[in-house]
Amino acid sequence: MAAGRIEVLGVPFDPLGMEEAVKTIASWLEGEECHQIVTANPETVMKAGEDRELMAILREARLVVADGIGIVWAARRQGNPLPERVPGVELAERLVALAAQRGYRVYLLGGAPGVAAEAARCLEAKYPGLVIAGVQHGYFSPEEEEGVVAAVAAARPHLLLVGLGMPKQEKWIYRHRQRLGAAVAIGVGGSLDVFAGRVCRAPGWMCRLGLEWLYRFLTQPQRLFRMLALPRFAVKVLVQGRS
Ligand code: UDP
């Protein structure tokens, strides 16, 4: 774990805001080794508490940023504030914009068949000059996995966005990191659905009030079970604070 990280229930977070995170990651985009970036929210932290493999990946990741108001709140309660939340979807889009400016190759992997290709079209329209090095949907079979890794490696992307859901995407990147040929690989959850226009983000005022989780629940009520991680996370942080 890098020095200066702030732990929330055992998960180390880098105390970087959006601008610093973009700047830091930008400095790795031309590197040779694969830098794994994780945007972790309370659900990720709760999952890591029961999944040792995920916890080990989080502790080894090159950068872990606070994706969600819950993490920022928990860090503040512990007396080690994190500067701000760094939503994964915003970070991913900032990096795509930067890639377009600098001519870096971007690979989109994940989502239902057609989503990554649609996301590529939308992003290319929004960011002229963007070079999409390849797209791949996220429902390939274990037998197809080697071929998927080989295709990514052949494209040698500077930036690889992997939207397979947490923790599958973190484990997938970690497992293949040395063979992906990508300078930076980041798990982006459902961001490709957002880029493709299939899922809407919460309106700005809800994001500013830290209510993105409420919007997600209202628009995707099937997430209720997963969202129970939020109150469990809050209780765990509060109990820890008293001990
Ligand atoms: N997904 C995928 N392959 C899978 C499981 C999920 O490509 O085997 C995609 C799914 O289509 C969606 C994303 O992963 O685009 C998960 O989105 P979600 O908002 O649930 O992300 P999370 O909150 O888990 O990060």
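Residues numbered from 1 in each chain as written. Predicted model: local features only at pLDDT ≥ 70, side-chain atom pairs only at ≥ 80, totals over all residues. Heavy atoms only, no water.

Digging into the overall build of the protein
So, step 1. If you tally the helices and strands in the protein, you get 13 helices and eight strands.
So, step 2. Structurally, the protein occupies a C-alpha span of about 50 × 35 × 35 Å along its principal axes.
So, step 3. The 243 residues of the protein split such that 51% are buried.
So, step 4. Within the protein, counting contacts between residues at least 6 apart in sequence, those at least 24 apart form 76% of the total.
So, step 5. Put simply, the protein shows about 11,500 Å² of open surface, and 54% of that area lies on carbon and sulfur atoms. (Helix = DSSP H or I, 4+ residues; strand = E, 2+ residues; numbered from the N terminus. Buried < 20%, exposed > 50% of the residue type's maximum accessible area, 1.4 Å probe, protein only. Contact = heavy atoms within 4.5 Å. Areas by Shrake-Rupley, 256 points an atom, 1.4 Å probe, with all protein chains shown as cover.)

What to know about the nonpolar core
So, step 1. With 40 residues, the main nonpolar core has Leu91, Leu108, Leu130, Leu159 and Leu161 as its most contacted residues.
So, step 2. Elements represented by at least two residues in this core include exactly α1 (18–26), β4 (63–66), α5 (88–102), β5 (105–110), α6 (115–126), β7 (159–163), β8 (184–187) and α9 (191–195).
So, step 3. With nine residues, α5 is the single largest residue contributor to this core.
So, step 4. If we ignore the near neighbours within four places in the chain, the residues touching Leu161 are Ala92, Val96, Tyr107, Leu108, Leu109, Ile186, Val188 and Phe195.
So, step 5. Counting residues in hydrophobic clusters, the runner-up holds 24 residues, among them Val8, Ala66, Ile71 and Val237. (Core = buried A, V, L, I, M, F, W, Y, C linked by side-chain atoms within 4.5 Å.)

Structural notes on the packing of aromatic side chains
So, step 1. Following the criterion strictly, the structure yields one aromatic pair and no others.
So, step 2. Here the guanidinium or amino end of Arg177 rests over the ring plane of Tyr174, the centre of that ring lying 3.8 Å away. (Phe/Tyr/Trp six-rings, centres within 6.5 Å; stacked < 30°, edge-to-face > 60°. Lys NZ or Arg CZ within 6 Å of the ring centre and 35° of its normal.)

Re the side chain of Glu212
So, step 1. As for its placement among the helices and strands, Glu212 is situated in helix α11 (residues 212–219).
So, step 2. Under the relative-accessibility criterion, Glu212 is labelled buried at 17%.
So, step 3. A distance of 2.8 Å separates polar atoms of two side chains, one belonging to Glu212 and the other to Arg201. (Polar contact = N/O pair within 3.5 Å; in protein donor to acceptor, adjacent residues only side chain to side chain.)

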